[in-house]
Amino acid sequence: MIIYLIACGTSAIEDGWNKNGLNTIKDGYVSAYSIDTDQGLVLIDAGGTKEAKSIESSLQDQGKSINDVLHIFLTHAHTDHVAGLPVFSNAQTYAMSEEHDRIEEEQELEVLHTLEDGLTIDLGDIQILPLFVPGHTPGNAVYLINEILVMGDTAMATDKGEIKPSPSFFNEDQEMSEQAIADLYERIVDEALDVSWIVFSHSGPIEGTDALERYRP
Ligand SMILES: [Zn+2]
């Protein structure tokens, strides 16, 4: 049921897809992302399984181990994005201030750092810009890293290269979520943010922002 809802008309996750240092790690039907910085390895989300085996094996392919992960930025509180968190015992965890308490209470996980919308985190040579894009969950985050917009479950790519909302079954506020995608495009234009690629948790990537511009709630 869950896999059908996600997969229907959706482009496939491309395991190992890598641009501007950001690497895709497919973990079943969800993906996490890794990027190396001079302040340690960073993950965006922590996978959907408690063992995080897919992430561990991807890191091994990169000559790294789970102990090298020092920072984990969570997009939101859903289990398929946070389940692997306890495996990464050296990592500090970050989430939007609006999502922080929920992750700690529902998932019984510690989140050390709270993020505020639009306030960049500098990790040595890499900057991570958190954007508050609510609807999928009340504190849902999108991250802009090295010109790649990491959408999490904010939206998905179709097999025709368009952008669509996540299935309503998963969105906690469907109307808000659909509008937030359009608002995100307006913000990218207004703030002149450089976006070369858009990546998602449950689909393949999309180049550029044309599909986001075409999207209508
Ligand atoms: Zn979700």
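The rules behind the values
- Residues numbered from 1 in each chain as written.
- Predicted model: local features only at pLDDT ≥ 70, side-chain atom pairs only at ≥ 80, totals over all residues.
- Helix = DSSP H or I, 4+ residues; strand = E, 2+ residues; numbered from the N terminus.
- Rg over C-alpha atoms; globule rule 2.2 N^0.38 Å.
- Contact = placed C-beta atoms within 7 Å.
- Pairing = 2+ DSSP bridges.
- Axes fitted to C-alpha atoms, helices over the stretch in contact; angles between N-to-C directions.
- Buried ≥ 20, exposed ≤ 12 C-beta atoms within 10 Å, placed from the backbone.
- Arc of directions from axis to C-beta.
- Expected span 1.5 Å × (residues − 1).

(A) Just the overall build of the chain, in detail. The secondary structure content of the chain amounts to six helices and 15 strands. Here the C-alpha atoms of the chain give a radius of gyration of 16 Å, agreeing with the 17 Å that 2.2 N^0.38 yields for 217 residues. The C-alpha extent of the chain, read off along each of the three principal axes, is 40 × 40 × 35 Å. By sequence separation, contacts in the chain at least 24 residues apart represent 56% of the contacts at least 6 residues apart.

(B) Broad picture of the sheet that holds strand E1 (residues 18-19). Taken in spatial order, the seven strands line up as E1-E2-E3-E4-E5-E6-E7 in an open sheet, and their pairing is mixed. This sheet does not close on itself; its edge strands, each paired only once, are E1 and strand E7 (113-115). Taken strand by strand, helix H2 (residues 53-61) contacts strand E2 (22-27) and strand E3 (30-37), and its axis lies near 140° from that of E2. Each of strand E6 (92-96) and E7 is contacted by helix H4 (residues 97-107), which is oriented at about 120° to E6, the strand it contacts most.

(C) Quick peek at the environment of isoleucine 128. Looking at the element boundaries, isoleucine 128 is found in strand E9 (residues 126-132). Judged by C-beta crowding, with 21 C-beta atoms within 10 Å, isoleucine 128 ranks as buried. Sequence spacing of isoleucine 128 and glycine 118 is ten residues, and the spatial spacing of their C-alpha atoms is 9.6 Å.

(D) Layout of the pairing of E3. By the criterion of burial, E3 is predominantly enclosed, with six of the eight residues buried. With antiparallel pairing between neighbouring strands as the criterion, E2 and E3 make up a hairpin whose turn holds two residues, including glycine 28 at a positive phi of roughly 70°. Examined bridge by bridge, E3 and strand E4 (residues 40-44) share five bridges and lie antiparallel to one another. Pairing of serine 34 across the sheet is with leucine 43, part of E4. If you look at the hairpin formed by E3 and E4, you'll find two residues sitting between the two strands.

(E) A look at H4. Here H4 has its buried residues at Glu99, His100 and Ile103. Taken down its axis, H4 places every buried residue within 120° of arc, on the same side. Summarising the geometry of H4, the exposed residues directed more than 90 degrees from the buried face are Glu105 and Glu106. Directly after H4, the chain includes glutamate 108, whose backbone phi takes a positive value near 55°.

(F) Broad picture of the sheet that holds strand E10 (residues 141-145). Judged by pairing direction, the sheet is mixed, and its six strands sit side by side in the order E8-E9-E10-E11-E14-E15 without closing on themselves. Each edge of the sheet is formed by a strand with only one pairing partner; in this case those strands are strand E8 (121-123) and strand E15 (206-207). With two bridges connecting them, strand E14 (residues 197-199) and E15 associate as antiparallel partners. When the sheet's bridge partners are listed, isoleucine 198 is paired in E15 with isoleucine 206.

(G) Representation of helix H5 (residues 174-190). Between its first and last C-alpha, H5 extends 24 Å over 17 residues, near the 24 Å set by a 1.5 Å rise per residue. What H5 keeps buried is the set Ser177, Glu178, Ala180, Ile181 and Leu184. For H5, the elements touching its buried residues are E9, E10 and strand E13 (163-164). Positive phi shows up at alanine 192, right after H5, with a value of about 50°.

(H) Quick peek at the environment of serine 65. Mapped onto the secondary structure, serine 65 falls in the loop between H2 and strand E5 (69-73). Sequence separation between serine 65 and leucine 41 is 24 residues, and the spatial gap between their C-alpha atoms is 9.5 Å. Among all residues touching serine 65, those that are not within four sequence positions of it are Leu59 and Gln60.

These figures come from the coordinates and say nothing about function on their own.
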